[in-house]
Every structure is written in C-alpha cells, then in structure tokens.
Amino acid sequence: MDLSLNHFSRDYRAARNGLVAAAGEAAGWSHQAHRHPLPGLDGEPIFVDTFWRGPAEASRVLVITAGTHGVEGFCGSALQSQFVADAPSLPDDTAVLMIHAVNPYGYSHIRRVNEDNVDINRNFVDFGDGPPENTAYSDVEPLLNPAELPDGRIKAIMDDLMKLNETMGFLQFFKAVSGGQYEFSRGVQFGGSEPAWSRRTVETIWNTMLAKAGIIVQFDVHTGLGPNAVGTLMMAADPEEPHHALAQEWFGDMMVTPRPKTREETILGGYLNGGLERTMSEAWVIPMTLEYGTEPPEAVLAAMIEENWLVHHGDIESPRGQAIKARLREVFLPADDEWRRAILARGRQVFSDALTKLATLERRLDKPQ
Ligand SMILES: [Zn+2]
C-alpha cells in the first residue's frame, strides 16, 4: 500500500486536523488559526490556518497557499501535508509559510466560491475604483446561470457554449466565462462587491507574517485547468521584469502572461497573487500559480454550472443534489491514484527546486528595479 496517498483527505475537517497534528509533531512549525464566522458543512468550525517554519526574521520566504478556490483545496492540502512530512532542510535566512484553506467555507461545503458566491481569485481588485466591467459576461449569463436545469439540459447548454466559443473567438469567450464579473451575484466567477473575509484575512496574514521578507516566492495551488495530471506553473509578468526570466530559468517552460495595460486588455482580474504583489510592494514577490489539470475544460465548466444552479435553485440534500456535489468534487479532485501520485511528485519537485533556487538569490535581496 502506498502511504503517500494518505496526504489526500476525505474532507476539509480531516485535512485541517491532519495538518495541524502533523505540524504539531514535526520540528519547528508554529501554527496560528483565524476562525471564519460561519460553520462548515457538518457544523464544524472552519479556519484559515498558517504554518510557519524557519527564522521569524527570514529575508527569504517560500509561501504555499491552498484552497483559494475552496474545493480545489484538497490538492493544495495534500501538497502541504507532504511538505511537512518531507521536512526539507531550509537554506540560511529562509522560512516557509503555508496558508491552509484561504476559502475554508468553499472547501468544507464543496464549493469553488465562498459563502457569498464570491470567487476569491477574482476578489483582489480595487473596489474603490468601481468594480471592473466584463460586458461579454452578460451574453453568456443565461447559459451559465439557468434558473431551471432539467435532467439533460446541461448537454444543450454546453453545445451552445461551444458554439459561442467559435463565434466569439477563444480569448473573448474565455474572458466572458472566466474573466470574473461583478454584476451577477448568483452567476459564476462573481468577484464580489467588496473585499471578502478570506481576502481581508490573508492580507492581514501577509502584512504581519511577511513584514520582514525581502524576497517572497509564492505558489497558489489550484486544480481543474490544463492537461490531466500535469502541474503547470503560471505567472503574470512583463518580459522586462526580472522574475520573468528567472522563473523560467528555475522551472523551465511556464505559462507567462503579460500584464494587461488597460482594463479592456484584462482577461483575468482580481487574482490572489496580484493582491500579494500589491500588499507586499516593498518586497520582491515572485508569484506563481501551480495549476493541476484534471478533466477537459467543458467537463469542468459543466460541473460548475450544475453546482451553481443547485445552490441557487435546487435541493442539495436530494439524490440529484448529492450527485452534482460529488461530480464537482471529482472534477477538482480525481479519485485516480495515478493522478494523485503525479500531483504529489510534481509538487515535491517544484517546492524543493524553489527552496534551492531561493538560496541563490542571497546577493540580490534588494528588490530589482
Ligand atoms: Zn482555481
């Protein structure tokens, strides 16, 4: 039997309890809990937990964040659990911060979004300027957020969406469906109307725990996008930014998207990683997303549409409701053992490479201009 698969937990509570216990038994971890105002699925208390290892004043910090998209947290949790078990030695002047369950409500309740249907990874925008506009979204909203969803209707919806994908062109379609929208509070990829509890909580954590950090290498772990079982590294950076070349030198081919120059150019807004860069503007932040592919994008989107319908218009306790929930979980956490082994192996390699490479930045603690 392969015990490494035990890093994957059956639910939020088991994942959280396992991580707290493992970090408590291992050497050097300090733990803090930030309690969410609402209970979890079974009435259990839910938290954003932080786990810190290494000198409190370390100039270099590796940050591993899990569960920004609630249900996607199973995978990030597993990588954090493995990291504790591996106990990699830390270079001098280097610490690790793991943030478990940025969106604990979504994790516990098997939702990608939070208690207010807000996508936390679209919530890190400046609401003072008025929310960003995504005019293309309203065209697809009736398909993404139908009031009625009789059995079999999802197939017709997906056919219509795939036709729109062709007529709109992939980028416009992607922006419409995934870019984040701030108008339809029951729609998908709703970015909210103010900073959510999860955002405010992680900003407090960053401000207090990373105040001494000069260089921050960040991984926000996600699932549901890209080739099956592949852990793709992604980042936003312009070609002249030092971490553009650096990250590719460290990790090889990555998906690097240039920073948008105008609101119209913004395909995806409100990312947590962007929030980290803005919050820790005195530090040199190297922000990456580690995104593991599961199923084809149509399958993942169909599961999200069904679950969104269920929460707003259906009966979660019904057999169909339970099947929709199980399906959502499956598209973000495949049951396949081979998939899970691949995820663990890639995560171990990425984090260990990141620690080794962080040590090479010793002479470059001043943020490059
Ligand atoms: Zn995600």
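The structure displayed is predicted, hence computed values, not measured ones.

**Regarding the coordination of the zinc ion**
Argument step 1. Of the protein atoms, only H69 (ND1), E72 (OE), E72 (OE) and H222 (ND1) coordinate the zinc ion, at distances of 2.0 to 2.7 Å.
Argument step 2. Viewed at the metal, the four donor atoms of the zinc ion are separated by angles of 52 to 139°, and the geometry they form is irregular.
Argument step 3. Binding-site remark: the zinc ion is held by donors from one chain whose sequence spacing is H-x2-E-x149-H. Take H69 and E72: they sit in the same class, and that class is buried.

**Describing helix α1 (residues 12-25)**
Argument step 1. For α1, built from 14 residues, the straight-helix expectation of 20 Å at 1.5 Å per residue is met to within 8% by its first-to-last C-alpha distance of 20 Å.
Argument step 2. Taken together, the buried positions of α1 are Y12, A14, A15, R16, L19 and A23.

**Description of the side chain of R53**
Argument step 1. Along the chain, the position of R53 falls in strand β2 (residues 45-53).
Argument step 2. One buried charged side chain, R53, makes no salt bridge at all; its nearest oppositely charged neighbour is D86, positioned 9.4 Å away.
Argument step 3. When residues no more than four places from it in sequence are discounted, the contact partners of R53 are A27, G28, W29, A87, P88, S89, L90, A95 and V96.

**Observations regarding unusual backbone geometry**
Argument step 1. The backbone phi angle of Q189 is positive, close to 55°, even though this residue is not glycine.
Argument step 2. Tracing the backbone through its elements, the reader meets Q189 in the loop between α6 (170-178) and α7 (197-209).
Argument step 3. Residue Q189 is classed as buried on the basis of its relative accessible area of 5%.
Argument step 4. Located in the positive-phi region is A229, a residue other than glycine, with phi close to 70°.
Argument step 5. Positionally, A229 belongs in the loop between β5 (215-228) and β6 (231-236).

**Brief notes about the packing of helix α5 (residues 153-168) against α6**
Argument step 1. One can describe the packing of α5 onto α6 by two numbers: an axis separation of 6 Å at closest approach and a directional angle of 130°. Between α5 and α6, the angle is such that the two are oblique. Crossing of α5 over α6 shows right-handed handedness. Taken together, the residues of α6 that come into contact with α5 (itself represented by L161, L164, N165 and M168) are F170, Q172, F173 and A176.
Argument step 2. The class makeup of the residues in the contact of α5 with α6 is six nonpolar, two polar and no charged.

Criteria and cut-off values
Residues numbered from 1 in each chain as written. Predicted model: local features only at pLDDT ≥ 70, side-chain atom pairs only at ≥ 80, totals over all residues. Heavy atoms only, no water. Donors = N, O, S within 2.8 Å, 3.2 Å for Na, K, Ca; no water. Tetrahedral: all angles 85-135°; square planar, octahedral: opposite > 155°, others 65-115°. Buried < 20%, exposed > 50% of the residue type's maximum accessible area, 1.4 Å probe, protein only. Helix = DSSP H or I, 4+ residues; strand = E, 2+ residues; numbered from the N terminus. Expected span 1.5 Å × (residues − 1). Lys, Arg positive; Asp, Glu negative; His and termini not counted. Salt bridge = Lys/Arg side-chain N within 4 Å of Asp/Glu carboxyl O. Contact = heavy atoms within 4.5 Å. Axes fitted to C-alpha atoms, helices over the stretch in contact; angles between N-to-C directions. Parallel < 35°, antiparallel > 145°, perpendicular 65-115°, else oblique. Left-handed = near helix turned anticlockwise from the far one by under 90°. Nonpolar A, V, L, I, M, F, W, Y, C, P; charged D, E, K, R; others polar.

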